[in-house]
Amino acid sequence: MNNENAMEVLNKIKEAFADVPEDRDEAIRYLAGETGLSEEECATAYDILIKVLPNI
């Protein structure tokens, strides 16, 4: 993946998080409801994304 593609992916992730509540627990419940994944899976993904993209 080149830098242009990586930036495009990061922008899509940022756009997807626009509707996600700022509170971690609310965000996890929201993501679980939207994706059909378990809250545990969403919590793991959320924590990783917040570490990688802290200004999301």
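Right above here is the structure, for reference.
Once a new chain begins, its residue numbering starts again from 1 and follows that chain's sequence as written. With the structure being a predicted model, the display of local features is reserved for residues of pLDDT at least 70 and the display and counting of side-chain atom pairs for 80 or more, all residues being used for whole-chain, interface and lining totals. Calculation of side-chain values draws on the structure's entire complement of heavy atoms; hydrogens and water are dropped beforehand.

## Things to note about the environment of Asp 25
Rule in force here: Secondary structure is summarised from DSSP: a helix means a run of H or I of at least four residues, a strand means a run of E of at least two, and numbering begins at the N terminus for each.
Within the secondary structure layout, Asp 25 lies in helix H2 (residues 24–35). Asp 25 sits 14 residues away from Glu 39 along the chain, and the two C-alpha atoms are 9.3 Å apart.

## Concerning the environment of Arg 24
Just so we agree on the cut-off: Burial here depends on accessible area, computed with a 1.4 Å probe over protein chains only, as a share of the maximum for the residue type. Under 20% is buried, over 50% is exposed, and the range in between is partly exposed. Throughout, a contact is declared for two residues whenever any of their heavy atoms are within 4.5 Å.
Of note, Arg 24 is situated in helix H2. Overall, Arg 24 belongs to the partly exposed group, its relative accessible area being 35%. Along the sequence, Arg 24 and Ala 43 sit 19 residues apart, while their C-alpha atoms lie 8.3 Å from each other. For Arg 24, the contacting residues outside a window of four places in its chain are Ala 43, Tyr 46 and Asp 47.

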